[in-house]
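This is what each chain is made of:
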Amino acid sequence: MRKLIVCAAMALTLGMAGLAQAGCTAEEAQQKAATFAQVVQAKAQQDPEGSAKVMQELQPELLQQKQDVDALCAFYDKAIAKLK
């Protein structure tokens, strides 16, 4: 499960390389993706059941993300807050 989320996060950030500047830059989104991956790993180690539950809630939303940098940044902010 954790590998799926990390791979999806990285795929989303790699696909954003050609996007124009927005309120949230591609670099900021990449940083948020890296933070998200770290938070997922930490939560999975501390509370595997809680982590799995939150990731199940977030997975449909993560998989629906398009290459809209602002929406992606908002998703990462929401997901990181939920996991902490």
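Scoring rules and cut-offs
- Throughout this description, residue numbers start from 1 for each chain and increase along the sequence as written.
- For this predicted model, a pLDDT threshold of at least 70 governs which residues receive local features, and a threshold of 80 or more governs which side-chain atom pairs are given and counted, while totals over whole chains, interfaces and linings are taken from all residues.
- To obtain the side-chain values, all non-hydrogen atoms of the structure were used and water was disregarded.
- In what follows, salt bridge is the name for a side-chain nitrogen of Lys or Arg lying within 4 Å of a carboxyl oxygen of Asp or Glu.
- In this description a helix means any DSSP run of H or I spanning at least four residues, a strand means any run of E spanning at least two, and both kinds are numbered starting from the N terminus.
- Buried, partly exposed and exposed residues are distinguished by accessible area as a fraction of the type maximum, computed with a 1.4 Å probe on protein chains only: under 20%, between the cut-offs, and over 50%, respectively.
- What makes a nonpolar core is a set of buried Ala, Val, Leu, Ile, Met, Phe, Trp, Tyr and Cys residues whose side-chain atoms join them at distances within 4.5 Å.
- Here, residues are in contact when the closest pair of their heavy atoms is within 4.5 Å.
- Axis definition: a line fitted to C-alpha atoms, limited for helices to the stretch in contact. Angles are taken between N-to-C directions and run from 0 to 180 degrees.
- Oblique is the label for any angle not under 35 degrees, not over 145, and not in the 65 to 115 range, which are roughly parallel, roughly antiparallel and roughly perpendicular in turn.
- By the definition used in this description, the sense in which the near helix is turned from the far one sets the handedness, with an anticlockwise turn below a right angle giving left-handed and a clockwise turn giving right-handed.
- Here the nonpolar group is Ala, Val, Leu, Ile, Met, Phe, Trp, Tyr, Cys and Pro; Asp, Glu, Lys and Arg are the charged ones; every other residue, Gly included, is treated as polar.

**Section: the pattern of salt bridges**
Taken as a whole and assessed by the stated rule, the structure comprises 4 salt bridges. Notably, a salt bridge pairs Glu-57 with Lys-82, separated by 3.1 Å at the nearest N-O pair. Of this pair, Glu-57 sits in helix H3 (residues 48-63) while Lys-82 sits in helix H4 (residues 69-83), and the two are 25 residues apart along the sequence. Owing to a relative accessible area of 41%, Glu-57 belongs among the partly exposed residues under this scheme. For Lys-82, a relative accessible area of 38% gives the class partly exposed.

**A short note on the nonpolar core**
If you look at the biggest cluster of nonpolar residues, it comprises 18 residues, and the most contacted ones within it are Phe-36, Met-55, Leu-58, Phe-75, Tyr-76 and Leu-83. Of all the secondary-structure elements, those providing two or more residues to this core are helix H2 (26-46), H3 and H4. Broken down by element, this core gets its largest block of residues, 8 residues, from H4.

**Brief notes about the side chain of Ser-51**
Mapping Ser-51 onto the fold places it in helix H3. In this view, Ser-51 contacts Val-40, Lys-43 and Ala-44; residues no more than four positions away in its chain are not counted.

**Some remarks on the packing of H2 against H4**
It is at 9 Å that the axes of H2 and H4 come closest, and there the two elements cross at 25°. Judged on the interaxial angle alone, H4 and H2 are roughly parallel. Considering how the two elements wind past one another, H2 and H4 form a crossing that is left-handed. Each of Ala-26, Glu-28, Ala-29, Lys-32, Ala-33, Thr-35, Phe-36, Val-39, Val-40 and Lys-43 in H2 lies in contact with H4, whose residues at this interface are Val-69, Leu-72, Cys-73, Tyr-76, Asp-77, Ala-79, Ile-80 and Leu-83. Considered class by class, the residues forming the contact of H2 with H4 number 13 nonpolar, 1 polar and 4 charged.

Note that every value here comes from positions in space, so none of it alone points to a role or purpose.
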